[in-house]
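So the chains spell out like this:
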Amino acid sequence: MAFNHLPAGEHDALTPLSVMPVTHSVSMAADQLPPRAGARPSPRRVLDRLAAGAGRAARITHTEHLPPRAGRHAPWPSQIRPEVIDAIRAAGIDRPWAHQARTAEHALRGESVVVATGTASGKSLAYLAPVLSALLDGSEAPNGRGATALYLSPTKALAHDQRRAVRELAAPLGNRIRPAVYDGDTPVEEREWVRQYANYALTNPDMLHRSVLPAHPRWASFLRALRYVVIDECHTYRGVFGSHVAQVLRRLRRLCARYGSHPVFLLASATSADPARAATRLTGLTVAEITEDTSPRGELVFALWEPPLTELHGERGAPVRRTATAETADLLTGLAVQGVRTVAFVRSRRGAELIAVIAQERLAEIDRSLPRRVAAYRGGYLPEERRALERALHTGDLLGLAATTALELGVDVAGLDAVLLTGYPGTRASLWQQAGRAGRTGQGALAVLVARDDPLDTYLVHHPEALFQQPVESTVLDPDNPYVLAPHLCAAAAELPLTETDLDLFGPATADLLPQLEARKLLRRRATAWHWTRRERAADLTDIRGEGGSPVQVVESGTGRLLGTVDASAAHTAVHDGAVHLHQGRTYLVKHLDLDDSVALVEEAAPPYSTTARDTTAISILETTTEIPWGDARLCFGSVEVTNQVVSFLRRRLITGEVLGETKLDLPPRTLRTRAVWWTVTEDQLDDARVHPDALGGALHAAEHASIGILPLFATCDRWDIGGVSVPLHPDTLLPTVFVYDGHPGGAGFAERAFHTAARWLTATREAIAACECDAGCPSCIQSPKCGNGNDPLDKKAAIRLLTTLLKAAPPQAAG
C-alpha cells in the first residue's frame with residue numbers, strides 16, 4: 001500500500017496510466033488491432049486511436065494536458081509514535097509529503113483541520129498517522145479501554161475499503177489497533193463487539209443518526225474515550241444532506257461533552273473553494289485548512305467528447321444527438337476488448353445498467369468470454385452483490401465497470417487505466433474526483449468527458465475554460481434550515497433533554513423553533529429543559545439524505561424475491577406502473593406500485609424502449625425575503641410552495657431516444673415548501689425585446705429550462721436537485737415570471753446561491769442558448785429531459801432577446 005501515491009480511501013487519484021493499445025471500433029478485424037506487445041502508449045496516443053474511426057476526430061472538442069509534477073517531502077512530527085512510522089515505512093513510504101506532515105501537526109496540537117489537496121495526494125495517511133498514534137497511546141492506558149476514533153464516510157463501500165487499508169497499514173502494530181465497520185450490513189452479533197472492543201469504528205452519518213446517537217448509553221465507553229472524528233470525502237456533504245449531517249455532528253459533539261470528551265475533527269476533501277469555511281459550517285467548530293498540494297502528480301490527458309447529431313428528430317422536430325449512454329458504451333467496449341481497465345461513470349442507476357448491458361451485448365459478438373468482465377455498480381444493490389463486485393474490481397477480474405457515484409466514493413481501485421464520464425457529473429469537484437480514478441505510478445492517465453444532449457454539457461464542451469480555468473465550487477449547505485433543524489432538535493432532546501446551554505450549539509434558529517415544537521406537542525418544557533414527549537423514536541422523524549420516507553422495495557412478482565430498493569422521493573418517476581426498471585443487467589416492467597406498502601411489483605421483460613416520467617408543477621409565493629430591481633425587472637428570493645404531480649410517462653426507443661408513445665398515470669400530487677429565486681419582466685421590456693405575446697410563453701419556458709441546466713456551474717447542485725416554473729402571468733406577481741427552486745423541503749441553498757450570482761448565471765444561460773448550432777431549440781440548449789409539458793412551448797430566439805433585455809439593467813452587485 002502506497003498512501004503517498006494511491007492511498008486507500010483516496011478517491012480522486014491522478015496517478016497515471018498503463019494502457020494497452022485501444023481499438024478505434026469494436027468491428028475492426030483482428031489484423032487491424034494495434035499489437036499488444038511493446039512499449040505502453042502514451043495517453044495522447046490512446047486518445048488518437050479512439051478518435052481515428054470515421055468521423056470520430058470531430059467529436060473531440062478540446063484536449064487538456066496536465067503535466068506531471070514533482071513532490072516535496074517533510075519529516076513526520078516528533079509526537080507520532082515510532083511504531084506508527086515504522087509501519088508506514090513497512091508499507092513502502094519512507095517520508096510523508098509536506099502537506100501530510102502539516103495536517104498531522106494540527107491534529108497533534110488538538111486543532112481540527114481539513115486537508116483539501118489535489119488528486120492522489122495521500123489524504124488518508126495524513127489523518128491516519130496521528131489517529132493510529134493516539135490509539136497506540138490509549139492501548140497502554142492502565143485503566144479503561146483507551147483512546148478511540150470514529151471514521152465517517154458517505155458510503156458503506158468506502159468504510160469497508162478503509163477498514164482493509166487500516167488493517168494492512170496497522171498489521172505490524174498487532175491487536176492494539178482494532179478497526180471495525182458498523183453499518184446497516186453489520187450482523188447483529190458483531191455490533192456488540194464493535195461497541196465494546198473496537199477502538200477505530202468506521203460508519204456513516206446515517207448509522208450515527210439512527211443507531212449510535214439514540215443508543216448512546218451503550219456507546220458510553222467509546223464516546224468517553226473519543227479522541228478523533230475523521231470525516232472523509234467531506235465535500236459530498238452539501239445541500240440538504242450536508243445540512244442534516246451538520247446537525248448530526250452537533251448532536252455527536254453534545255453527547256461527547258456529556259461523557260467528558262472533546263474530539264478533534266479531521267476532514268478530508270477533494271479540492272474545493274474555501275474548505276475551512278465549509279468545514280467550519282459542517283462541524284460548528286473552527287477548522288484550519290491545508291490546501292497546498294505537495295504530492296507528485298502523473299500526466300493526465302483530459303478530452304471533451306461531443307456525440308454527433310443523428311438523422312433522427314425528437315420532440316417538436318428538434319435534432320437529436322447520439323446519446324451519451326450509447327457513445328460511452330462504444331468506448332467502454334473498445335477499451336475492454338484491448339484489456340484496458342476502465343470505469344465509466346454515469347449519474348443515474350438506469351444509465352449505469354444500460355451502458356453495461358449494451359457493452360456486454362457488443363462484447364459477446366467479439367469474444368464470448370468478455371461480457372462477464374463488464375458489469376454495472378450502483379446503489380440499490382443488495383449487500384452481497386456490492387461486495388462481490390468490489391472483490392472483482394480488486395482482483396482485476398473486471399475489465400470494465402459502468403458505475404454511479406456509489407463507486408466514485410465507494411472503493412479504492414488501483415490500476416485503472418482510463419475513466420469515461422457519461423455527462424458532466426454536476427460539479428467540478430466531482431469531475432476531478434471521477435477523472436482521478438485512472439492511473440498507475442509512472443505512467444499517464446486518460447479521462448474522457450462524453451457530453452449529454454443537455455445545455456450544461458453542450459456549454460462546457462465548447463467553453464473548456466469553464467472547466468479547466470475556473471476554481472472548484474464552494475460547498476453549499478444550510479444547517480439553520482428549519483425543516484432540517486427541527487427533527488434534530490427532537491432527536492437531541494430524546495438523547496438528552498435540551499437546555500438553554502444547547503442553543504448556541506444548534507444555531508441561531510433554535511430559540512424560535514423550540515416553542516413551535518412545543519406547540520406541536522413534540523417537545524415539552526419541564527423546569528429548565530425540553531423533553532421528547534412521544535413513544536416513537538425521534539430519530540425516525542427525518543431521513544438525513546432527504547429522500548422523503550422509507551425506500552420502496554422492488555419485488556419480483558412471480559417469486560417474491562427482493563431485487564433492491566428505490567428512494568421514496570424517486571418512486572413516482574422511477575417505478576410507476578409501466579416503468580422499465582433495470583437491475584444487474586436484467587430488464588423488468590413494473591406491474592404495480594403500491595405506495596401504501598412501499599412496494600413495486602415487477603416482472604422480467606425485454607421491452608425495446610425505456611420510460612421517462614412526465615409531471616406538472618404549480619408554484620405560489622409564500623414570502624419574498626429579498627428583492628433587487630433590475631431596471632423595471634425584479635430579481636427576488638424567498639419562500640414558495642410547489643405542487644407537483646406525475647401525470648404520464650413516455651416510452652423512448654433504446655439508443656436513439658425516439659419517442660414511441662405516452663401513457664397517462666394516476667398518482668397523487670406532492671406539495672413542497674422550499675426556497676426559490678425568481679425574476680419578472682414588464683410589458684415595456686417585452687416590447688424592447690420584441691417578444692410578441694404569442695411567443696412569451698415559449699421565451700420564458702426556454703429561459704427557465706436553460707437556466708436550470710446552467711445553474712450547476714454556480715452552485716454545488718445537480719439539475720435534478722432543482723426545479724423550475726415559468727408563467728406568462730403569475731397570480732402573485734401579476735407579471736411574466738420565471739422561478740427556479742430547490743427541490744428539497746426548506747431549501748438547500750442552491751436558489752440562494754443563484755440569487756447572489758444571478759448576473760453571471762443568466763449571462764452564461766444566454767450564451768449557452770445563443771451558441772447552440774440548432775435553429776429552433778434542442779436538448780443541447782432549451783429542451784429539458786424532465787419537462788412536464790413535453791417541451792412545449794419553446795422559443796429559442798425570443799428567449800435570447802428576452803435574456804439580453806433583462807441583463808442590460810443588471811446592477812453590478814448582482815454579479816455575485
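Cut-offs used in this document
- Residues numbered from 1 in each chain as written.
- Predicted model: local features only at pLDDT ≥ 70, side-chain atom pairs only at ≥ 80, totals over all residues.
- Heavy atoms only, no water.
- Helix = DSSP H or I, 4+ residues; strand = E, 2+ residues; numbered from the N terminus.
- Buried < 20%, exposed > 50% of the residue type's maximum accessible area, 1.4 Å probe, protein only.
- Areas by Shrake-Rupley, 256 points an atom, 1.4 Å probe, with all protein chains shown as cover.
- Salt bridge = Lys/Arg side-chain N within 4 Å of Asp/Glu carboxyl O.
- Pairing = 2+ DSSP bridges.
- Contact = heavy atoms within 4.5 Å.
- Axes fitted to C-alpha atoms, helices over the stretch in contact; angles between N-to-C directions.
- Expected span 1.5 Å × (residues − 1).
- Arc of directions from axis to C-beta.

**Some details on the overall build of the protein chain**
- In terms of regular secondary structure, the protein chain is built from 26 helices and 30 strands.
- Within the span of the protein chain, comprising 816 residues, buried residues form 61% of the whole.
- For the protein chain, the exposed area adds up to about 30700 Å²; of that, 50% sits on carbon and sulfur atoms.

**Considering the pattern of salt bridges**
- In total, this model carries 33 salt bridges according to the counting rule given.
- Between R195 and E192 there is a salt bridge whose closest N-O contact spans 2.6 Å. One end of the pair, R195, and the other, E192, are both in helix α6 (residues 188-197), three residues apart, so they sit about a helical turn from each other.
- One salt bridge connects D502 with R254, and the closest N-O pair in it is separated by 3.1 Å. Pair noted here: D502 is in the loop between β17 (498-499) and α19 (503-506) and R254 is in helix α9 (residues 239-258), with a separation of 248 residues, a long-range link.

**Quick notes on the sheet that holds strand β19 (residues 529-532)**
- The antiparallel open sheet is built from three strands, whose spatial order is β17-β19-β18. Each edge of the open sheet carries a strand with a single partner, namely β17 and β18 (523-526).
- Of the strand pairs in this sheet, β18 and β19 are connected by four bridges, and their pairing is antiparallel. When the bridges of β19 are listed, L523 appears paired with W532.
- Along the sheet, helix α20 (residues 510-519) makes contact with β17, β18 and β19, crossing β18 at roughly 105°.

**Overview of helix α11 (residues 324-337)**
- Helix length check: α11, at 14 residues, gives a terminal C-alpha distance of 20 Å against a target of 20 Å (1.5 Å per residue), a fit within 8%.
- Buried residues dominate α11, accounting for 14 of its 14 residues.
- Just beyond α11, the residue with positive phi is G339, at close to 75°.

**Focus on the sheet that holds strand β6 (residues 226-231)**
- Taken in spatial order, the seven strands make up an open sheet running β4-β5-β3-β6-β7-β2-β8, and their pairing is parallel. What marks the edges here is a single partner per strand, and that holds for β4 (179-181) and β8 (288-290). Going from strand to strand, the sheet's axes swing by 20° on average, the running direction of each strand aside.
- Of the strand pairs in this sheet, strand β2 (residues 113-115) and strand β7 (residues 264-268) are connected by three bridges, and their pairing is parallel. Each residue of the ladder has a partner; that of V113, found in β7, is L266.

**What about α20?**
- Burial in α20 covers these residues: T510, L513, L514 and L517. Along the axis of α20, the buried positions cluster into a sector of 110°, meaning they face one direction only. Exposed side chains of α20 directed beyond 90 degrees from the buried face belong to D512 and A519.
- Buried residues along α20 sit against α18 (482-495), β17, α19, β18 and β19.
- K521 sits one or two positions beyond α20 and adopts a positive phi of about 60°.

Honestly, that's just the spatial picture; any functional story needs more than this.
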